[in-house]
Amino acid sequence: MFQRRYAVRDGVLAALDAPLLVIHGGAGVEPGDLTREEEQAARAALEAALRAGHARLKAGGSSVDAVAATITVLEDAPQFNAGRGAVFTHDGRNELDTSIMDGATGKAGAAAGLHRVKNPITLARAIMDRSRHVMMVGEGAETFAQEQGVALVDPSYFRTEKRWQQLQKALQEESTAKEVGARLVLAGKAYFGTVGALALDAQGRLAAGTSTGGMTNKRYGRVGDAPILGAGTWADARCAVSGTGWGEFYIRAAAAHEICARVRLAGQGIVRASEGVINGDIPKAGGDGGAIALDAQGVAAFPFNTGGMYRGWIGADGVPHVAIYRDDALPLPAY
Ligand code: ASP
């Protein structure tokens, strides 16, 4: 049985819906982008990921266990830009970035520039739990994965036709664009479907994780915000965040940490803090995207400034709630 917890919010004593798991499958999806079948498949994958994480929490697993289990399901789903289905770099490869952070201990693991790790989040966790390091990149990270028994695959595993076509379109647009370098993909979709998860377990511990293929047409060697702790991922005792969007802006804003700093130091609520960074600072600087944020009282926020963001949550009752577009209603966790 999950323990029920209570808190006073706005002068009202409210039951919290803990444990709680919150996910995103990336910002950037717009109405009209998906066929009916694609939309159904994406919703089903989001629900499956929520159920997988919930099963861990229900079995007494930690928030870190739940985050890793959830992200593994999303990485395996070709609908999202992480693991299988990752976007392509300028030179036609899939290059994966990831990170995980345990809010209770402050421990973290991250990896970037991966070409062969089937589930990058598993490697991030292995780096956190079984290495003396926090972040590893490229070949060295993959050698460590092999030593740790983390599954490796042939790079062709990550390839999907849809992503390949997105790269072709981006390359074509780039070659005809006047203002070279202003955006990685000019006049096109620059990102699509990074995945992230946040969990609050029955002991009140928070964790966060993020996994991505990055941005379509990125130069090889480019690293985005997803594996940078404090930019794309952050968790501490009070606040957890996973971001999705134009990574360069998230890195410059230290977006995930900035949200949690506003909670910790400025006394802001999670909704105000995350809205202020994602829908205030990031667009002001010229970027865009979204995030999920969760506090230790079980209050979740889903700010984004694109036409949609794959998102969802599951509470103690085990019923998944998912949404894609801006106008999709997503009932919020009770508090
Ligand atoms: N933030 C990711 C990156 O810049 C992309 C995304 O969220 O879709 O690598």
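Quick summary incoming for the structure in this document. Per chain, residue numbering runs from 1 following the sequence as it is written. Totals for whole chains, interfaces and linings use all residues, but because this is a predicted model, local features are given only for residues with pLDDT of at least 70 and pairs of side-chain atoms are given and counted only at 80 or more. Derived side-chain values reflect all non-hydrogen atoms in the structure, with water molecules and hydrogen atoms excluded from consideration.

## Concerning the site of the ligand
One heavy atom within 4 Å of a molecule or strand makes the whole residue count as near it. By nearness alone, 11 residues border the ligand, and Thr194, Arg222, Asp225, Thr244 and Gly245 come closest of all. Within the contact set of the ligand, an oxygen atom lies 3.0 Å away from a backbone nitrogen or oxygen of Gly247. Areas reported as accessible are Shrake-Rupley estimates using a 1.4 Å probe. Residue values count occlusion only from the protein chains shown. Here the ligand loses 100% of its free accessible area of 270 Å² to cover by the protein chains. Polar contacts, as used here, are pairs of N or O atoms within 3.5 Å; protein pairs need one atom able to donate a hydrogen and one able to accept it. Residues neighboring in sequence count only if both atoms are side-chain atoms.

## Digging into the packing of aromatic side chains
Ring pairs are drawn from Phe, Tyr and Trp, using the six-membered ring of Trp, whenever the two centres fall within 6.5 Å, and their geometry is named by plane angle: stacked under 30 degrees, edge-to-face over 60, tilted for the rest. In this structure the tally under the stated criterion is 4 aromatic pairs. Taking 5.1 Å as the distance between ring centres and 80° as the angle between the ring planes, the aromatic pair formed by Tyr157 and Phe158 counts as edge-to-face. Judged by its relative accessible area of 23%, Tyr157 falls in the partly exposed class. Ring centres 4.8 Å apart and planes at 65° place the aromatic pair Trp246 and Phe249 in the edge-to-face group. You'll find Trp246 and Phe249 in the same group, each marked buried. In this analysis the charged atom, NZ for Lys or CZ for Arg, is taken to sit over a ring once it is within 6 Å of the ring centre and within 35 degrees of the ring normal. Looking at Arg159, its charged tip hangs above the ring of Trp164, at a distance of 4.7 Å from the centre. Positioned above the aromatic ring of Phe249, the side-chain terminus of Arg252 is 5.0 Å from the ring centre. Per-residue accessibility, obtained with a 1.4 Å probe over protein chains only, is compared with the maximum for each type, and a residue is labelled buried under 20%, exposed over 50%, and partly exposed between these values.

## Examining the pairing of strand E8 (residues 206–212)
Put simply, DSSP H or I for four residues or longer makes a helix, DSSP E for two residues or longer makes a strand, and each gets a number counted from the N terminus. Burial within E8 is extensive, with 7 of its 7 residues counted as buried. Burial along E8 is two-sided: Leu206, Ala208, Thr210 and Thr212 and Ala207, Gly209 and Ser211, pointing in opposite directions, are all buried. Note: strand E7 (residues 195–200) against E8, 6 bridges, orientation antiparallel. Within E8, the residue paired with Leu200 across the bridge is Leu206. Paired strands, in this sense, are two strands between which DSSP finds at least two bridges. Connecting E7 to the antiparallel partner E8 that follows it, the hairpin turn spans 5 residues, and Gly204 within it adopts a positive phi of roughly 80°.

## As for the sheet that holds strand E10 (residues 239–245)
One open sheet holds the 4 strands; their spatial order is E9-E10-E11-E12, and the pairing between them is antiparallel. Only two strands of the sheet have a single partner each, and these edge strands are strand E9 (233–235) and strand E12 (300–301). Two strands pair when backbone bridges link them, and E10 and strand E11 (residues 289–295) are joined in this way by 7 bridges, in the antiparallel orientation. Looking at the pairing, Cys239 lines up with Asp295 of E11. Pairs of residues are marked as contacts when any of their non-hydrogen atoms sit within 4.5 Å. All axes here are fitted lines through C-alpha atoms, helices being fitted over the stretch that makes contact, and every angle between N-to-C directions spans 0 to 180 degrees. The sheet contacts of helix H7 (residues 255–264) involve E9 and E10, and relative to E10 the element is tilted by about 145°. Against the sheet, helix H8 (residues 270–285) touches E10, E11 and E12, its axis set at about 160° to E11.

## Overview of helix H5 (residues 161–176)
An ideal rise of 1.5 Å per residue puts 22 Å on 16 residues; H5 measures up with 23 Å between its terminal C-alpha atoms. Within the sequence span of H5, burial applies to Arg163, Leu167, Ala170, Glu173 and Glu174. The buried residues of H5 all sit within an arc of 130° when viewed along its axis, so they share a single face. For H5, the exposed residues lying more than 90 degrees away from the buried face are Gln172, Ser175 and Thr176. One less than the number of residues in a helix, times 1.5 Å, gives the span that helix is expected to have. This arc describes the spread of directions from the helix axis toward the C-beta atoms.

## So, the pairing of E11
With 7 of its 7 residues buried, E11 lies for the most part within the structure. Taken together, the 2 bridges between E11 and E12 define a ladder with antiparallel strand orientation. Looking across to E12, one finds that Leu294 is bridged to Ala300. The hairpin formed by E11 and E12 contains 4 residues between the paired strands, and Gly298 there has a positive phi angle of roughly 85°.

## Topic: a nonpolar patch on the surface
Two joining distances apply to patches: 9 Å for like charges and 5 Å for nonpolar side chains (Val, Leu, Ile, Met, Phe, Trp, Tyr), and every residue must have over 30% relative accessible area and no salt bridge. What counts as a salt bridge is simple: a side-chain nitrogen of Lys or Arg found within 4 Å of a carboxyl oxygen of Asp or Glu. Nonpolar side chains collect at one region of the surface, where Val134, Met135, Val137 and Val223 lie side by side and expose about 300 Å² of accessible area between them. You can see Val134 is positioned in the loop between helix H3 (120–130) and strand E6 (135–137).

## Quick notes on the side chain of Thr212
Here Thr212 is to be found in strand E8. Assessed through its relative accessible area of 4%, Thr212 is described here as buried. In this structure the side chain of Thr212 is engaged in a polar contact, spanning 2.8 Å, whose partner is the backbone nitrogen of Gly214.

## Description of the sheet that holds strand E4 (residues 96–102)
With mixed pairing, the 8 strands of this open sheet are ordered in space as E6-E5-E4-E8-E7-E3-E13-E14. If you trace the sheet from one side to the other, it starts and ends with E6 and strand E14 (320–325), each paired once. Across the sheet, the mean angle from the axis of one strand to that of its neighbour is 10°, orientation sign disregarded. Across the sheet, helix H2 (residues 63–76) lies against strand E3 (20–27), E4, E7 and E8, angled at about 155° from E7, the strand it touches most. In the packing of H3 onto the sheet, the strands contacted are E4, strand E5 (108–114), E6 and E8, and the crossing angle to E4 comes to about 45°.

## Observations regarding the state of the cysteines
Pairs of cysteine sulfur atoms within 2.5 Å are what we label disulfides. Summed over all chains, the structure comprises 1 disulfide. Here Cys239 connects covalently by a disulfide to Cys260, the sulfurs 2.1 Å from one another. Given an S-S torsion of about -75°, the disulfide between Cys239 and Cys260 has left-handed geometry. One end of the pair, Cys239, is in strand E10; the other, Cys260, is in helix H7, and 21 residues separate them in sequence. Using a relative accessible area of 1% as the deciding quantity, one classes Cys260 as buried.

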